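Fold and geometry: a report
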Amino acid sequence: MSEMNVISNEQESLNPYEIVQTQIDHAGELLGVSEDVLNILKRPKRVLYVSFPVKMDDGSTRVFEGYRSQHNDAIGPTKGGIRFHPEVTMDEVKALSMWMSFKCCVVNVPYGGGKGGVICDPREFSEGEIQRISRGFMEAIADIVGPEKDIPAPDVYTNSQIMGWMMDTFSRMKGQFSPGVITGKPLILGGSKGRNEATARGCVFAIEEAMKTLNKPMNGATVAIQGFGNAGRILADLLAELGCKIVAVSDSTSAIYQPEGLNLRQVEHFKDEETTSIQDDPDSLVLDHPEDLLGLDVDILVPAALENVITRKNADHIRAKIVAEAANGPTTPQADEIMFRKGILVLPDILANAGGVIVSYFEWVQNLMNYYWSEEEVNSKLQEQMVRSYHEVHTLAKQRQIDLRTAAYMISIQRITAAMEARGWV
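Below is a short write-up of the structure. Within every chain, residues take consecutive numbers counted from 1 along the sequence as written. A pLDDT threshold of at least 70 governs which residues receive local features in this predicted model, and a stricter bar of 80 or more applies before side-chain atom pairs are shown or counted, although totals over entire chains, interfaces and linings include all residues. Side-chain numbers here rest on the full set of heavy atoms in the structure, without hydrogens or water.

Considering the pattern of salt bridges
Where charged atoms of side chains with opposite charge meet at close range, the side chains can pair. Whenever a carboxyl oxygen of Asp or Glu lies within 4 Å of a side-chain nitrogen of Lys or Arg, that contact is scored as a salt bridge. A complete count under the given rule lists 25 salt bridges for this structure. A salt bridge links Asp-73 to Lys-45; the shortest N-O distance between them is 2.9 Å. With Asp-73 in the loop between strand E2 (61-70) and strand E3 (78-85) and Lys-45 in the loop between helix H2 (35-41) and strand E1 (46-55), this pair connects stretches of sequence that are 28 residues apart. Exposure categories follow from relative accessible area, calculated using a 1.4 Å probe and restricted to protein chains: below 20% of the type maximum is buried, above 50% is exposed, and the middle band is partly exposed. Given the relative accessible area of 23%, Asp-73 is considered partly exposed. Of the charged contacts in the structure, one is a salt bridge between Arg-132 and Asp-57, with a shortest N-O distance of 2.6 Å. You can see Arg-132 sitting in helix H4 (residues 127-141) and its partner Asp-57 sitting in the loop between E1 and E2, a full 75 residues away along the chain. Salt bridges sharing partners connect three or more residues here, namely Arg-83, Glu-92, Lys-115, Asp-155 and Glu-307. Counting from the N terminus, the helices are DSSP H or I runs at least four residues long and the strands are E runs at least two residues long.

Written out as structure tokens, the structure is:
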């Protein structure tokens, strides 16, 4: 623990932009990189704010606002998701684009980080309205995106269909079929096999390696998943296939627990029905508060929702052996220090959930070649890249007696710095 900071008594920041800057400073100090480099890395290269009108089903016109942040393109074009969420902010999008840069570098994908978001709640709109919002946003950001500039992808409350609409809009504007502008598309439009499961599958590969590090078997391991959306559900299924026991899951409204293991098919049925929710599962216990799931005595805890879930206030209650961050930014720096002191192995977001960008990279490569791989080939290449990256991070962490997050940032910062030096930026 010698390399970790003493836990500050200052007010804990939950601003993701400030958090990522703190993470950069900490890793940069250990690396001994110059202040000039850190000043570049702590700010996005470009942030675009847009507003655009959308015709609604009732004939009215509503103006939506959104952002696209491009952090650093020293190694390659920027890359990152687009989310539709009512709480999207500029600072959040800036932070997410920065995390994407480090995520790409730690798994050796030749991209910088990008991120975008539209301030809206897609659950309030019809399919037609969502399509028009999607096309309107792409029209608004089209000048700064493209296969060699910035490649968006799905994120919170967006999916392959929305990516298909955006790709079509960009192609129409450019007057040519441009599948490489976006990833996470439908297969028929140049999507990659394995992309939908990639984030979860990559996380599972990282968890398997971490369990080997702790000399623990996957078969019989207990798991709690905070966030039962797309990634969380796929993670639950993949871990169950490996013999893990999924004992708890939560969504935005409730959390359920069954120490003998949940009936996932049954829970998914209640989740999918319009008139029911996961708390209607008759075979499980509804926890008093959804956040109580975080403190369950399990082998593996998976935060798979939004940012700032594990903070200084609750980190000491975490009892899991491994925390695998399927979400972006779920842990604050002060919570990191607490869990490191407790001996909890935290698989940081920029490593644990990098499967999505790895297979997005594969999709982009396939688009440029116009030659497509089998799902087995995609998954095999994904596993190879995740396993290699995990061991690079774990080896450095062990050598320096630091947490995996700091080690991951150190590897990423070294690679981005080398690219910036080679280009004459610093």
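Next comes the rest of the description.
Quick notes on helix H3 (residues 90-106)
Helix span is expected to be 1.5 Å times the residue number reduced by one. For H3, built from 17 residues, the straight-helix expectation of 24 Å at 1.5 Å per residue is met to within 8% by its first-to-last C-alpha distance of 25 Å. Of all 17 residues in H3, 15 are buried; the element is thus mostly enclosed. In the stretch just after H3, Asn-108 is the one whose phi turns positive, near 60°.

Overview of the sheet that holds strand E8 (residues 255-257)
With mixed pairing, the 7 strands of this open sheet are ordered in space as E9-E8-E7-E6-E10-E11-E12. On the outer flanks of this sheet lie strand E9 (285-286) and strand E12 (345-347), each paired with one strand and no other. The sheet contact formed by strand E6 (residues 222-226) and strand E7 (residues 245-250) spans 5 bridges and is parallel. The residue of E7 that forms the bridge with Ile-225 is Val-249. The sheet contacts of helix H7 (residues 230-241) involve E6, E7 and strand E10 (300-303), and relative to E6 the element is tilted by about 170°. Strand pairing follows a simple DSSP-based rule, namely that at least 2 bridges must link the two strands. Note on contacts: a residue pair qualifies if any of its non-hydrogen atoms lie within 4.5 Å across the two residues. For every element, the axis is a line fit to its C-alpha atoms; helices are fit only across the contacting stretch, and the angle between N-to-C directions ranges from 0 to 180 degrees.

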